[in-house]
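Now for the letters of each chain:
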Amino acid sequence: MTTTATELRIICAGGFKTAMLDIAPRFEETSGRKLAITFGTPKRNTELIGQGKGFDVVVVTAATLSEATKPHIAQPTRFDVAMSPVGMGVRDDLTTPPVDGVQSFKAAVRSLTTIGLSDPTSGTTLANDIIAAARTIGMDAEIEARKRYFVGPGSVVSLEVAKGNADAVVTLCTEIIGTPGVRYIGPLPRVMNLGTTFAAAIAVAAAKDTGAAAFLAYLKTDEASTVMRAKGLKVA
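This write-up is about the structure you can find in this document. On a predicted model such as this, the values are computed, not experimentally measured, just so you know.

### Thoughts on unusual backbone geometry
Move 1: In this model, Asn193 sits at a positive phi of 55 degrees, which is unusual for a non-glycine residue.
Move 2: As for its position among the elements, Asn193 is in the loop between strand S8 (182–187) and strand S9 (195–203).

Okay, here's the thing in structure tokens:
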């Protein structure tokens, strides 16, 4: 990532990407500060933050801000931004009805031949979490039988579904909504207790950067909240 002295360097979760791509130009216009954004999986972002340099702000999964990254984050600045439910999307040509509970989710799964998931080697454990949660409603074996792994985050899996390489995708709703050729049919049943919280914070090295503080403040504005909700996020 190449930056200039005036750019604010942000490490961002892939699941927050669609919101960030709308938020960034709005912040740049109102603040006059340009953003240089690096998107990554939880594993990659943990590695980047762990280096302790090269970034000013993070907007990452809450789990990424662990003991491994704690020394490089100004802890008083940390706050939860929003949560993305895990949902299902299907190819536009399929007539799968909306998912609005356990029974409709089971029916949707059983109507499909293949379900795309992010390969765990991509640096995200969401596929494992989905299968484990499906066990609570007796659907783990049926999802295992239909799963098709794709290397990359959920947004990549959604694109593979749009290309016809799988019937459906199960991932963060933010990585489904807005993908051409894919129809979002709803969040997974609440009893499965799936979802990812995104948190923001300032790097220790940028603790005195007023631009970093301004960006975090912008994330709390009504304007930013409207953008996030439009992408399927539940604002904290």
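### Side note on the packing of aromatic side chains
Move 1: Throughout the structure, instances matching the rule amount to three aromatic pairs.
Move 2: Here the aromatic rings of Phe27 and Phe215 are separated by 5.1 Å at their centres, their planes lie at 90 degrees, and the arrangement is edge-to-face. Placement of Phe27 in helix H1 (residues 17–31) and of Phe215 in helix H7 (residues 210–219) is noted, with a sequence separation of 188 residues between them. In this pair, the class of Phe27 matches that of Phe215, namely buried.

### Examining the pairing of strand S7 (residues 168–172)
Move 1: Most of S7 is tucked away, with five of its five residues classed as buried.
Move 2: Note that strand S4 (residues 73–91) and S7 share five bridges and pair antiparallel. Bridge pairing in S7 places Gly89 opposite Val169.
Move 3: Sheet topology note: the strand S5 (residues 115–118)/S7 ladder contains two bridges and is parallel.

### A word on the pattern of salt bridges
Move 1: Per the stated rule, a full pass over the model turns up 13 salt bridges.
Move 2: Taking the shortest distance from any N to any O, the salt bridge between Glu142 and Arg146 comes out at 3.7 Å. One end of the pair, Glu142, and the other, Arg146, are both in helix H5 (residues 140–146), four residues apart, so they sit about a helical turn from each other.
Move 3: On the basis of relative accessibility, which here comes to 16%, the residue Arg146 falls in the buried class.

Rules and cut-offs
- Each chain carries its own residue numbering, running from 1 in the written order of its sequence.
- Local features in this predicted model are restricted to residues whose pLDDT is 70 or higher, and side-chain atom pairs enter the listing and the counts only when it is 80 or higher, whereas totals over whole chains, interfaces and linings include all residues.
- Only hydrogens and water are set aside when side-chain values are computed; all heavy atoms of the structure are taken into account.
- In DSSP terms, a helix is any run of H or I states spanning at least four residues, a strand is any run of E spanning at least two, and both are numbered starting from the N terminus.
- Note on aromatic contacts: the rings of Phe and Tyr and the six-membered ring of Trp form a pair at centre separations within 6.5 Å, being stacked when their planes are under 30 degrees apart, edge-to-face when over 60 apart, and tilted otherwise.
- Here the term buried applies to any residue with accessible area under 20% of the maximum for its type, exposed to any over 50%, and partly exposed to those in between, with areas from a 1.4 Å probe on protein chains only.
- Any two strands between which DSSP finds at least two bridges are classified as paired.
- Counted as salt bridges are all cases of a side-chain nitrogen of Lys or Arg within 4 Å of a carboxyl oxygen of Asp or Glu.

Geometry only, nothing functional implied.
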